[in-house]
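Here's the letter readout for the chains.
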Amino acid sequence: MNDQPKLRWGILGAARVNERLLPAIVEARNSQLVAIASRRPGAALETLKKHAPQLEGQVATYDNLQALLDDDNVQAVYIPLSNHEHAEWAPKAMARGKHVLIEKPMAIRVQDIDAIEAAAKQYNVKAMEGFMYRFHPQHARVKELLDSGLIGEVRAVRASYSFMMRPARMYRLENDCQHGGGAMWDIGPYAVHSARWCFDRDPIAVTAISKYTESGADIATSGVIDFGDGKHARFDVSFECSRQSTYEMIGTKGILTCQAVWQLPGDVPVISWSTEDGRSSIERLPAANHFNLEIEHFSDCVLNDKQPLLTFEDARMNCRVIEAVNEAAKTGRVVKF
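Residues numbered from 1 in each chain as written. Predicted model: local features only at pLDDT ≥ 70, side-chain atom pairs only at ≥ 80, totals over all residues. Heavy atoms only, no water.

Novice: Can you help me understand the pattern of salt bridges in this one?
Specialist: Pairs can form between side chains of opposite charge whenever their charged atoms are close. For the coordinates displayed, the defined rule picks out 24 salt bridges. Between Glu-85 and Arg-39 there is a salt bridge, with the nearest N and O atoms lying 2.8 Å from each other. Placement of the pair is Glu-85 in the loop between strand 4 (76–79) and helix 4 (86–95) and Arg-39 in the loop between strand 2 (31–37) and helix 2 (43–51), with a sequence separation of 46 residues. According to the relative accessible area criterion, Glu-85 is buried, its value standing at 12%. What makes Arg-39 partly exposed here is its relative accessible area of 45%. Across the pair Asp-277 and Arg-279 runs a salt bridge whose closest N-O atoms are separated by 3.1 Å. On the basis of relative accessible area, Arg-279 is assigned to the partly exposed category, the value being 43%. Bridged by salt links that share partners, the residues Asp-114, Glu-117, Lys-121, Glu-313 and Arg-316 form one connected network. (Salt bridge = Lys/Arg side-chain N within 4 Å of Asp/Glu carboxyl O. Helix = DSSP H or I, 4+ residues; strand = E, 2+ residues; numbered from the N terminus. Buried < 20%, exposed > 50% of the residue type's maximum accessible area, 1.4 Å probe, protein only.)

Novice: In this structure, what is going on with the sheet that holds strand 7 (residues 154–162)? I would like to understand it.
Specialist: To summarise the sheet geometry, strands pair through backbone hydrogen bonds and adopt either a parallel or an antiparallel arrangement. Overall, mixed pairing links the 9 strands, which are arranged 14-13-12-11-7-10-9-8-15 in an open sheet. Of all strands in the sheet, those bounded by a partner on one side alone are strand 14 (280–284) and strand 15 (335–336). Of the pairings in the sheet, the one linking strand 7 to strand 11 (residues 244–251) comprises 8 bridges and is antiparallel in character. Across the sheet, Ala-156 pairs through a bridge with Ile-250, a residue of strand 11. Against the sheet, helix 6 (residues 137–147) makes contact with strand 7, strand 11, strand 12 (254–258), strand 13 (270–275) and strand 14, and its axis sits at roughly 15 degrees relative to strand 13, the strand it touches most. Along the sheet, helix 10 (residues 312–331) makes contact with strand 8 (205–212), strand 9 (218–228), strand 10 (231–238) and strand 15, crossing strand 8 at roughly 60 degrees. (Pairing = 2+ DSSP bridges. Contact = heavy atoms within 4.5 Å. Axes fitted to C-alpha atoms, helices over the stretch in contact; angles between N-to-C directions.)

Novice: I'm lost on the side chain of Arg-172 in this one. Help?
Specialist: Within the secondary structure, Arg-172 sits in the loop between strand 7 and helix 7 (183–186). Judged by its relative accessible area of 13%, Arg-172 is buried. A polar atom in the side chain of Arg-172 sits 2.5 Å from the side chain of Asp-186. Aside from chain neighbours lying at most four places away, what touches Arg-172 is Arg-16, Phe-163, Met-165, Gly-181, Gly-182, Asp-186 and Phe-239. (Polar contact = N/O pair within 3.5 Å; in protein donor to acceptor, adjacent residues only side chain to side chain.)

Novice: Would you take a moment to explain a positive patch on the surface for this structure?
Specialist: Together, Arg-16, Lys-50, Arg-166 and Arg-243 give the surface a local cluster of positive charge. Note that Arg-166 resides in the loop between strand 7 and helix 7. (Patch = residues over 30% accessible without salt bridge, like charges linked within 9 Å, V, L, I, M, F, W, Y side chains within 5 Å. Areas by Shrake-Rupley, 256 points an atom, 1.4 Å probe, with all protein chains shown as cover. Lys, Arg positive; Asp, Glu negative; His and termini not counted. Charge placed at Lys NZ, Arg CZ, Asp CG, Glu CD.)

Novice: Help me out: how do you make sense of the side chain of His-86 in this one?
Specialist: Tracing the backbone shows His-86 in helix 4. We classify His-86 as buried; its relative accessible area is 0%. Among the polar contacts listed, one links the side chain of His-86 to the backbone oxygen of Pro-105, at a separation of 2.7 Å. If we ignore the near neighbours within four places in the chain, the residues touching His-86 are Ile-79, Pro-80, Leu-81, Pro-91, Ile-102, Glu-103, Lys-104, Pro-105, Met-106 and Ile-116.

Given below as structure tokens:
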């Protein structure tokens, strides 16, 4: 019998990401799903039936977002709403005493992240940006190899994230870049975040080019993030390229590649490296579900009053870089911080 305390979760929206997040909450050892809400009539119940049919009748379903926030049984809320809505609904949830896990990006303006942080302090709740990938053990192995000096000092990074846009996902291009639409706000956060993690320092400038749709959303963006001292990250994100989610570090002694950041259930993580002295290896690690690990981490932070791994300062910097990338692509100029 498991007597471990469990954090009671509500999901604020019936977004597609629920196919991964909803089961993660259900399966996490320290979490319990108690409510789902959507503004589309019947969508919350439909989502529950699709992803956790065994819980029908045990989980409250609402056709109104505020109704979930007013549910005193809900202790924490996951927010997978449209990017531009995070700034509105995260503080609303906090005002009702809910802890919040916000699907990346936390917000599309730095000042909105400031407001979310202020609300978290005012209402004494935890909040974190939802970068599930950071909780996968493969990145701890990458860090271990880096710290060993295997590839020397990292001087350059390549980060590539893409998938072919399907009709069911066209909503990602409805808003222009200024309102949170397009590839840079959707998968660009992964490119920026993983590049920043590889260097573990703040960037000083960016340059970029984008291809836009009629709505003003970017369907593809490529660029360079300058980290100073000749260190830089080249990145590309696209809705019109084959699926990829890779970062590669080029050091003074070798190269190290994380071959698949977006891990699906059952995937075998692969890390490869080669060095100047002729050594090389392809490491295959045990499968792990980074969504489950993310939920368990945040639940543990709430239940045991710990600080989340991903901070507001981290979210602010990621947002600043994405804003700068969009400006650089629009103006054709180098944007400095």
